[in-house]
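Residues per chain are reported as follows:
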Amino acid sequence: MRNRLWIAAACLILPSARAGEGPFFITYTHQMEEPGNLEMSVKNVTGKPAGGSRFWGAATELEYGVKAWWTSELYLDGQTTADENTVFTGYRWENRFRVLPREHWINPVLYFEFENINGADKTLLEVVNHDGEDDLSEPTADARQEKKREIEAKLILSSYFKGWTLAENFIAEKNVRHEPYEFGYAVGLSRPLVLAAKPERCNFCPENFQLGVEAYGGLGTHANLGFAETSHYLAPTICWTLANGTEFRVSPTYGLTGTSAGFLLRFGVSYEIAQFRRAAQKLFRDGGRP
Amino acid sequence: MRWLLFLVLTCPILRAETPVRSAPARSSSKTNPFNDDEVARRAGAKLFSRECAPCHGAKAEGIGKAPPLRQPEVYQAAPGVLFWVLKNGSIFHGMPSFAHLPEAQRWEIITFLRALNARKPEN
């Protein structure tokens with residue numbers, strides 16, 4: 001009990017860092033978590049599919065910088081649907097590995113994820129294959145019977161150019177038991193409102209705001225690769241970072257094809273604890289005494 | 001065998017150079033657009049406390065494996081070399097890349113670092 005109180009107190013007093021995902025919800029850049037830092041965030045999405053009830057999917061994310069070239073994340077997913085249940089839908093464990101030691105005009109990162117979720121998951125952290133609006137309108141009690149143990153790989157390519165961030169993700173996903181390889185993509189472009197920082201510590205400095213746009217969707221399976229009957233989305237995003245590093249993001253998302261959900265609203269908040277590893281080691285080594 | 005020799009000589013994982021020493025010579029030709037600019041120095045101080053201080057210490061004194069930044073190697077380095085280090089990091093030695101910061105913000109940090117070293121160099 002005493003240790004838990006110490007951990008809770010430490011979370012409040014530990015130095016924060018700027019949470020670093022930028023304005024994107026789906027697209028990854030090659031920015032890695034700083035070694036020893038722990039970022040906690042919640043990514044939410046809500047929508048009302050045709051023929052279904054309004055839902056709210058939420059993914060709680062714990063992202064840790066193991067090394068400067070290796071970032072590991074754990075997601076805990078859940079959802080609630082109007083007039084239905086609120087359920088925990090599973091977990092995901094992902095790892096990202098930076099391949100090249102230096103910055104280049106395009107920078108590759110390899111991403112591997114294991115997910116153990118059920119069919120009721122509505123966090124929509126990626127869109128692959130023929131994922132579409134129909135998946136969101138299925139009753140939770142039925143959908144959660146479907147078990148999804150999947151391995152997902154992404155090739156993340158991204159570049160920084162004169163303040164702009166451009167990222168492209170190519171996604172391949174495979175159910176470990178059966179079903180074909182499924183493919184998808186995500187691309188994102190973002191920029192801070194201004195490039196130079198102000199000297200004052202402020203919440204509303206223009207450098208604290210980033211604007212961006214994301215596009216993502218499914219690309220079918222290895223046997224049926226292409227855009228036919230796939231869902232695609234276009235999503236402007238805005239990110240606001242407070243002076244203490246807390247980051248808020250909002251993204252109205254528009255479905256572009258007949259199989260896409262018409263409109264989704266994504267919103268999230270992130271907070272990063274700088275040098276969590278050092279603080280935790282100190283806490284357990286000497287009880288947090290200075 | 002030649003490939004093995006090539007890897008040993010070039011692979012940055014195996015080389016124990018400091019980030020400043022591993023910067024290419026051409027990086028030193030870049031000049032700081034905010035050189036001696038007081039506003040940029042103050043902005044750099046703010047950015048330093050957020051981006052660098054968690055590892056290098058609030059007074060740049062160095063913590064654990066993160067070296068002190070008030071040292072001859074830093075204040076003798078050309079601004080372009082420090083810019084290169086911030087952009088690339090030294091990811092196999094624990095320092096991440098800060099390329100996600102806009103160039104202007106990286107120069108502000110360097111302006112602060114130069115001023116910090118100009119005031120109280122250790123040696």
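None of these values were measured; they are calculated from a predicted model.

## Thoughts on helix α3 (residues 38-51) of chain B
Here is step 1 of the chain: The terminal C-alpha atoms of α3(B), which comprises 14 residues, lie 19 Å apart, in line with the 20 Å expected from a rise of 1.5 Å per residue.
Here is step 2 of the chain: Burial within α3(B) is extensive, with 10 of its 14 residues counted as buried.

## As for helix α6 (residues 79-88) of chain B
All names here are of chain B.
Here is step 1 of the chain: For α6, the tally of buried residues reaches 8 of 10 residues, placing the bulk of the element in the interior.
Here is step 2 of the chain: Looking at α6, one finds that the buried residues are Pro79, Val81, Leu82, Phe83, Trp84, Val85, Leu86 and Asn88.
Here is step 3 of the chain: Looking one or two residues past α6, Gly89 carries a phi angle of roughly 65°, positive in sign.

## Describing the interface of chain B and chain A
Here is step 1 of the chain: Contacts between chain B and chain A engage 24 residues on the former and 26 residues on the latter.
Here is step 2 of the chain: Elements with a minimum of two residues in the side of chain B that touches chain A: α3, α4 (53-56), α6 and α7 (103-119) of chain B.
Here is step 3 of the chain: For the side of chain B that touches chain A, the element with the most residues is α3(B), which contributes 6 residues.
Here is step 4 of the chain: Taken together, the residues of the side of chain B that touches chain A break down into 13 nonpolar, 6 polar and 5 charged.

## A short note on the pairing of strand β5 (residues 86-98) of chain A
All names here are of chain A.
Here is step 1 of the chain: Pairing analysis gives 11 bridges linking strand β4 (residues 70-81) to β5, with the strands arranged antiparallel. Bridging from a neighbouring strand, Leu76 pairs with Tyr91 of β5.
Here is step 2 of the chain: If you look at the hairpin formed by β4 and β5, you'll find 4 residues sitting between the two strands, and Asp83 has a positive phi there, around 65°.
Here is step 3 of the chain: Sheet analysis places β5 next to strand β6 (residues 107-118), joined by 9 bridges and oriented antiparallel.

About the thresholds
Residues numbered from 1 in each chain as written. Chains lettered and ligands numbered in written order. Predicted model: local features only at pLDDT ≥ 70, side-chain atom pairs only at ≥ 80, totals over all residues. Helix = DSSP H or I, 4+ residues; strand = E, 2+ residues; numbered from the N terminus. Expected span 1.5 Å × (residues − 1). Buried ≥ 20, exposed ≤ 12 C-beta atoms within 10 Å, placed from the backbone. Contact = placed C-beta atoms within 7 Å. Nonpolar A, V, L, I, M, F, W, Y, C, P; charged D, E, K, R; others polar. Pairing = 2+ DSSP bridges.

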